[in-house]
Amino acid sequence: MRVLVIGSGGREHALCRALGLDPAVSELHCAPGNAGIASVATTHPVVPTDPEQVVALAVRLGAELVVVGPEAPLVAGVADAVRAAGVPCFGPSKEAALIEGSKAFAKDIMVAAGVPTAGARVCVTPQEAEAALEAFGAPYVVKDDGLAAGKGVVVTADRAEALAHAAACERVVIEEFLDGPEVSLFALCDGTTAIALQPAQDFKRAYDGDQGPNTGGMGAYTPLPWAPEGLTEQVMAEVVLPTVGELARRGTPYTGVLYAGLALTQAGPRVIEFNARFGDPEAQVVLDRLETPLAGLLHACATGALGEEPAPRFRDGAAVTVVIAAENYPADPVKGDRIEGLDPAVKDAYVIHAGTALDEEGRVVSAGGRVLSVVGTGADIASARAAAYAQVGRIALRGSHHRSDIAARA
Ligand code: AMP
Ligand code: GLY
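### Focus on the packing of aromatic side chains
Enumeration according to the criterion identifies four aromatic pairs in this entry. Here the aromatic rings of Phe 186 and Tyr 259 are separated by 5.3 Å at their centres, their planes lie at 55 degrees, and the arrangement is tilted. With Phe 186 in strand β10 (residues 182-190) and Tyr 259 in strand β16 (residues 255-265), this residue pair connects regions lying 73 residues apart in the sequence. The class of Phe 186 is buried, set by a relative accessible area of 0%. Since its relative accessible area comes to 3%, Tyr 259 is described here as buried. When the ring of Phe 203 is compared with that of Tyr 221, the centres are 6.0 Å apart and the planes differ by 45 degrees; the resulting orientation is tilted. Taken as a pair, Phe 203 in the loop between β12 (201-202) and β13 (205-207) and Tyr 221 in strand β15 (residues 219-222) lie far apart in primary sequence, 18 residues in all.

### As for the site of ligand 1
Of all residues adjacent to ligand 1, which total 14 residues, the nearest are Glu 175, Glu 176, Leu 178, Glu 182 and Glu 273. In the model, an oxygen atom of ligand 1 is placed 3.2 Å from a nitrogen or oxygen of the Lys 103 side chain. Between ligand 1 and Leu 178 there is a distance of 2.7 Å, counted from a nitrogen atom to a backbone nitrogen or oxygen. Protein coverage of the free-state accessible area of ligand 1, which is 470 Å², stands at 93%. Those elements that place two or more of their residues in the shell around ligand 1 are β7 (140-144), β8 (153-156) and β17 (268-275). Tallied by class, the residues present in the shell around ligand 1 amount to six nonpolar, one polar and seven charged.

### What to know about the pairing of strand β2 (residues 27-32)
It is a general feature of regular strands that their side chains alternate between the two faces of the sheet. As paired strands, strand β1 (residues 2-7) and β2 are joined by six bridges and run parallel to one another. In the sheet register, Val 5 faces β2, and the bridge partner there is Cys 30. Following the chain from β1 across helix α1 (residues 10-20) to the adjacent parallel β2, one finds a crossover that is right-handed. Relative to strand β3 (residues 42-43), β2 runs parallel, the two sharing two bridges. Following the sheet pairing, Cys 30 is matched in β3 by Thr 43.

### Topic: the environment of Glu 161
Structurally, the position occupied by Glu 161 is in helix α8 (residues 159-168). Exposure remark for Glu 161: the relative accessible area of 40% places this residue in the partly exposed category. As a C-alpha pair, Glu 161 and Tyr 140 span 21 residues in sequence and 9.3 Å in three-dimensional space. Each residue touching Glu 161, except ones within four places of it in the same chain, is listed here: Val 154 and Thr 156.

### What to know about the nonpolar core
Leu 4, Val 66, Ile 99, Val 239 and Val 240 are the most contacted members of the largest nonpolar core, which has 75 residues in total. By residue number, the principal contributor to this core is helix α9 (residues 231-249), which donates seven residues. Phe 90, Val 285, Cys 301 and Tyr 350 belong to the second-largest nonpolar core, a separate cluster that totals 42 residues.

### So, the site of ligand 2
Close to ligand 2 lie Asp 202, Lys 204, Gly 216, Tyr 259, Asn 275, Arg 277, Gly 279, Asp 280, Pro 281 and Glu 282. One of the backbone nitrogen or oxygen atoms of Gly 216 is found 2.9 Å away from a nitrogen atom of ligand 2. Its free accessible area being 200 Å², ligand 2 has 95% of it covered by the protein chains.

### Focus on the sheet that holds β3
Read across the open sheet, the five strands follow the order β3-β2-β1-β4-β5; overall the sheet is parallel. Two strands in the sheet have a free side with no partner beyond their single neighbour: β3 and β5 (89-90).

### Focus: the side chain of Thr 377
Here Thr 377 is to be found in strand β23 (residues 370-378). In this structure Thr 377 comes out as buried when scored by relative accessible area, which is 12%. Discounting residues that sit within four places of it in the chain, Thr 377 has contacts with Asp 288, Arg 289, Ala 318, Ala 319, Asp 348, Ser 383, Ala 384 and Ala 387.

### Points about the side chain of Arg 11
By the element assignment, Arg 11 lies in helix α1. The buried category is assigned to Arg 11, whose relative accessible area is 7%. Once residues within four sequence positions are removed from consideration, Arg 11 is found in contact with Gly 69, Pro 70, Glu 71, Arg 277, Phe 278, Asp 280 and Ala 283.

### Focus: helix α10 (residues 282-289)
Of all the eight residues making up α10, eight are buried; the element is thus mostly covered by neighbouring parts of the structure. Listed in full, the buried residues belonging to α10 are Glu 282, Ala 283, Gln 284, Val 285, Val 286, Leu 287, Asp 288 and Arg 289.

### Here's the deal with helix α6 (residues 103-113)
Looking at α6, one finds that the buried residues are Lys 103, Ala 104, Phe 105, Ala 106, Lys 107, Ile 109 and Met 110. Phi turns positive, to about 70 degrees, at Gly 114, one or two residues after α6.

### Concerning the pattern of salt bridges
For the structure on display, the rule yields 26 salt bridges. With its nearest N and O atoms 3.3 Å apart, the salt bridge here joins Arg 159 to Glu 134. Taken as a pair, Arg 159 in helix α8 and Glu 134 in helix α7 (residues 126-136) lie far apart in primary sequence, 25 residues in all. Accessibility expressed as a relative area gives 28% for Arg 159, which makes it partly exposed. Residues Arg 403 and Asp 405 are paired through a salt bridge, measuring 2.9 Å at the closest nitrogen-oxygen approach. For the pair Arg 403 and Asp 405, a shared accessibility class is recorded, and that class is buried. Taken together, the shared-partner salt bridges connect Lys 103, Asp 202, Lys 204 and Glu 273 into one network.

Each value, and the rule that gives it
Residues numbered from 1 in each chain as written. Chains lettered and ligands numbered in written order. Predicted model: local features only at pLDDT ≥ 70, side-chain atom pairs only at ≥ 80, totals over all residues. Heavy atoms only, no water. Phe/Tyr/Trp six-rings, centres within 6.5 Å; stacked < 30°, edge-to-face > 60°. Helix = DSSP H or I, 4+ residues; strand = E, 2+ residues; numbered from the N terminus. Buried < 20%, exposed > 50% of the residue type's maximum accessible area, 1.4 Å probe, protein only. Near = heavy atom within 4 Å. Polar contact = N/O pair within 3.5 Å; in protein donor to acceptor, adjacent residues only side chain to side chain. Areas by Shrake-Rupley, 256 points an atom, 1.4 Å probe, with all protein chains shown as cover. Nonpolar A, V, L, I, M, F, W, Y, C, P; charged D, E, K, R; others polar. Pairing = 2+ DSSP bridges. Right-handed = clockwise from strand over helix to strand, strands pointing away. Contact = heavy atoms within 4.5 Å. Core = buried A, V, L, I, M, F, W, Y, C linked by side-chain atoms within 4.5 Å. Salt bridge = Lys/Arg side-chain N within 4 Å of Asp/Glu carboxyl O.

Given below as structure tokens:
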């Protein structure tokens with residue numbers, strides 16, 4: 001199978017790595033890719049949010065499966081264009097991707113489908129925002145309604161800060177605070193049915209001890225030894241299948257990965273957010289543990305044939321990933337610094353590139369906020385963690401920072 005992956009982050013590197021290990025994949029391409037992806041796939045310089053460019057490339061390559069990684073191309077209709085050109089595509093349509101692209105749309109779907117989530121109000125004026133903050137009380141949760149790369153959410157006890165964020169956004173969703181550990185569950189969907197991958201946990205705050213600003217994610221691990229028995233089955237029954245059913249009922253069937261970000265509250269799992277793609281960095285650890293060949297699963301989703309697939313298998317043991325972020329991430333990351341120590345020197349650890357590029361001399365330099373991550377694996381979380389941090393300790397990037405407590409409490 002000739003496969004084309006769209007995107008250039010750590011998630012796409014993890015996807016390419018897993019696809020490259022699938023014997024059914026004869027050719028692997030990625031557009032635009034990054035310095036690390038170039039070592040496992042042929043990369044192509046296209047604008048990933050331009051449907052015409054992506055379709056032209058897919059057709060020229062004779063791609064039999066296109067996998068769209070990030071949200072921006074999905075929201076731009078890239079998956080629709082690829083499907084319209086007759087190429088099987090793993091990734092939701094523009095309309096279905098609104099589950100991530102609009103928090104208000106996601107809430108509407110959840111209410112219609114009876115999916116447990118935080119009570120919420122959509123607010124445009126300062127008066128509406130004030131009334132909503134009053135109604136829900138502190139801690140305040142204020143979310144930009146549009147796409148914000150995981151950075152549009154402010155959770156604060158400070159009313160002035162909450163109001164300022166609301167004022168800075170055109171439209172916000174203000175909602176009830178959900179208390180409890182967070183879990184990311186990815187469900188592969190083919191429009192009518194869905195199957196779950198293994199749950200993972202992400203670390204969203206920039207600094208140790210869950211301090212500092214929200215980021216796209218600073219590290220992740222799987223499996224979750226502390227998760228309640230039957231969690232995946234419960235989330236599939238209460239969240240994923242009703243959501244997929246509601247989207248199909250509305251004539252916008254969901255094909256791709258539905259990412260449920262959940263809070264495990266006293267009252268049970270509640271949806272914090274949906275994403276229309278694999279979470280990053282969670283995808284790195286989940287795909288590391290997936291034993292079932294990936295291309296076949298994604299192709300089954302793209303062709304509406306998931307019902308014929310056996311349940312996916314996962315390897316025993318654990319995976320932990322630690323993100324190395326650029327100086328000043330998430331505010332205003334510094335780019336263009338050289339990175340040393342990338343060679344795999346630690347058994348059971350490998351490097352996933354996110355914001356990297358090659359300079360004129362062919363050396364790897366930083367080119368984004370989350371520059372790269374190190375995935376460690378082992379028989380248990382402690383050994384996977386040790387492997388990841390041993391390799392992290394060998395990597396040098398001026399001014400960079402990483403969390404030292406990823407998966408520590410697990
Ligand atoms: P989101 O972009 O919606 O995932 O929000 C980013 C982060 O903000 C989440 O991972 C949570 O840590 C936090 N968050 C979002 N919504 C809530 C909520 N209703 N209650 C508590 N924390 C929240
Ligand atoms: N790791 C969280 C996200 O991908 O949004």
